[in-house]
Amino acid sequence: MKGKVVLVTGANGGLGTYVTQAFLDAGATVVGTSRKIQQSDFESPNFIAIPAEISSREGAKVLLDQVAARFSRLDVLAHTVGGFAGGQSVAETDDATFQRMFDLNLNATFLLLRAALPAMRKTGNGRIIAIGSRAAVEPGANVGAYSASKAAMVSLIRTVALENADAGITANVILPGTMDTPANRKAMPNADFSKWVQPTSVASLMVWLAGDAGKDMNGAVIPVYGDV
Ligand SMILES: NC(=O)c1ccc[n+]([C@@H]2O[C@H](COP(=O)([O-])OP(=O)(O)OC[C@H]3O[C@@H](n4cnc5c(N)ncnc54)[C@H](OP(=O)(O)O)[C@@H]3O)[C@@H](O)[C@H]2O)c1
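Being a predicted model, the structure only gives us computed values, none of them experimental.

## Brief notes about the sheet that holds strand S5 (residues 127–131)
Item 1. One open sheet accounts for 7 strands, arranged S3-S2-S1-S4-S5-S6-S7; its pairing is parallel. Of all strands in the sheet, those with a lone pairing partner are strand S3 (47–49) and strand S7 (221–224), marking the two edges. Between one strand and the next, the sheet's axes are offset by a mean angle of 20°, whatever the strand orientation.
Item 2. In this structure, strand S1 (residues 5–9) lies alongside strand S2 (residues 29–33), joined through 5 bridges in parallel fashion. Counted as the bridge partner of Leu7 is Val31 from S2.
Item 3. Sitting on the sheet, helix H2 (residues 57–71) touches S1, S2 and S3, and the angle it makes with S2 is about 155°.

## With respect to the site of the ligand
Item 1. The immediate surroundings of the ligand are formed by 26 residues, with Asn12, Leu15, Ser34, Arg35 and Glu53 found nearest.
Item 2. Here an oxygen atom of the ligand and a side-chain polar atom of Asn184 are 2.8 Å apart.
Item 3. Computed on the free molecule, the ligand has an accessible area of 890 Å², of which 84% lies beneath the protein chains in the complex.
Item 4. Given that more than half its atoms are within 2 Å of the pocket grid, the ligand belongs to the largest pocket.
Item 5. Of the residues belonging to the shell around the ligand, the class tally is 9 nonpolar, 13 polar and 4 charged.

## What to know about the packing of helix H1 (residues 16–25) against helix H6 (residues 199–210)
Item 1. In contact at an axis separation of 8 Å, H1 and H6 are set at 45° when each is read in the N-to-C sense. Here H1 is positioned oblique relative to H6, judged by the angle of their axes. Note that H1 runs across H6; the crossing there is right-handed. From H1, Tyr18, Val19, Ala22 and Phe23 reach across to H6, where they touch Pro199, Thr200, Ala203, Met206, Val207 and Ala210.

## Regarding the packing of aromatic side chains
Item 1. Considering all chains together, one arrives at 4 aromatic pairs under this definition.
Item 2. Judged by centre distance (4.8 Å) and plane angle (50°), the rings of Phe42 and Phe47 are tilted. With respect to burial, Phe42 and Phe47 carry one shared label: buried.
Item 3. Just above the ring of Tyr225 sits the side chain of Arg134; from NZ or CZ to the centre is 4.0 Å.

## Regarding the pattern of salt bridges
Item 1. For the structure on display, the rule yields 7 salt bridges.
Item 2. Taking the shortest distance from any N to any O, the salt bridge between Asp75 and Arg73 comes out at 2.6 Å.
Item 3. Arg134 serves as the salt-bridge partner of Glu138, at 3.0 Å between the closest nitrogen and oxygen.
Item 4. Judged by its relative accessible area of 38%, Glu138 falls in the partly exposed class.
Item 5. With relative accessibility at 24%, the residue Arg134 sits in the partly exposed group.

## Observations concerning the layout of surface pockets
Item 1. Quantified by volume, the largest pocket comes out at close to 1,300 Å³.
Item 2. Those elements that provide at least two residues to the lining of the largest pocket are helix H3 (95–123), helix H4 (144–164) and helix H5 (182–187).
Item 3. A class-by-class count of the residues in the lining of the largest pocket yields 18 nonpolar, 18 polar and 9 charged.

Conventions used here
- Residues numbered from 1 in each chain as written.
- Predicted model: local features only at pLDDT ≥ 70, side-chain atom pairs only at ≥ 80, totals over all residues.
- Heavy atoms only, no water.
- Pairing = 2+ DSSP bridges.
- Helix = DSSP H or I, 4+ residues; strand = E, 2+ residues; numbered from the N terminus.
- Axes fitted to C-alpha atoms, helices over the stretch in contact; angles between N-to-C directions.
- Contact = heavy atoms within 4.5 Å.
- Near = heavy atom within 4 Å.
- Polar contact = N/O pair within 3.5 Å; in protein donor to acceptor, adjacent residues only side chain to side chain.
- Areas by Shrake-Rupley, 256 points an atom, 1.4 Å probe, with all protein chains shown as cover.
- 1 Å grid on protein atoms, 1.4 Å probe; cavity = no way out; pocket = protein on both sides within 12 Å on 5 of 7 lines; lining within 4 Å.
- Sits in = over half its atoms within 2 Å of the grid points.
- Nonpolar A, V, L, I, M, F, W, Y, C, P; charged D, E, K, R; others polar.
- Parallel < 35°, antiparallel > 145°, perpendicular 65-115°, else oblique.
- Left-handed = near helix turned anticlockwise from the far one by under 90°.
- Phe/Tyr/Trp six-rings, centres within 6.5 Å; stacked < 30°, edge-to-face > 60°.
- Buried < 20%, exposed > 50% of the residue type's maximum accessible area, 1.4 Å probe, protein only.
- Lys NZ or Arg CZ within 6 Å of the ring centre and 35° of its normal.
- Salt bridge = Lys/Arg side-chain N within 4 Å of Asp/Glu carboxyl O.
- Points joined across faces, edges and corners; volume = space filled by probe spheres on them.

The following block contains the structure:
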């Protein structure tokens, strides 16, 4: 990945931390973004922190303008930003929860892709890797807003794969099951953590998809469910 510019969204998150480190270890220049990202979050000289709120049109555009101004190229978009809400049936789901899920999981993805694609099309060999969820294709009771927003996001990524193959861009989406993150361990202290997906596995897969070996994979929806 030497010489490649990679934008990792959610770079300080439970998964994004590993994704950022994996791309840095692979030799890429990594722009890490989130609302609270700091330059001190990663020690590497190849890490650049750019804080942004990507669920707003202006926030996503300013972020990509900053990347363009600094590097004049974007090779890889590794999009991990997302959020979860559960515990309410569809009949019980309030407007704010439904809107929050769609803002974070779908609208942010749309705004980011729309802002990033012009630069990626110029690069001629771009890679988009997004993080969906198992729930996108296997809805469960009481997670309707989350599942629907992730399902729509998967559809959007597959459309982008079709629309941009002519410019050498691939777009794929990974569907993790429950991951072994600090937040999940805190929320489910009695679970068997060994059955969960390791964030490093997802991070390695993202680097593989972004590398030469991943160039023939386009429009894929990839389950990574762990031991279930
Ligand atoms: N954890 C799981 O078990 C699991 C399972 C399946 C799928 N997933 C998916 O995997 C992805 C990563 O999950 P995770 O557990 O790592 O989540 P997480 O720890 O909550 O991290 C979310 C990241 O997104 C950033 N973020 C949130 N809202 C943002 C916004 N409006 N603008 C910019 N950045 C924002 C957060 O940083 P700031 O607060 O600094 O903005 C953080 O870096 C998500 O898409 C999630 O839906 C997770």
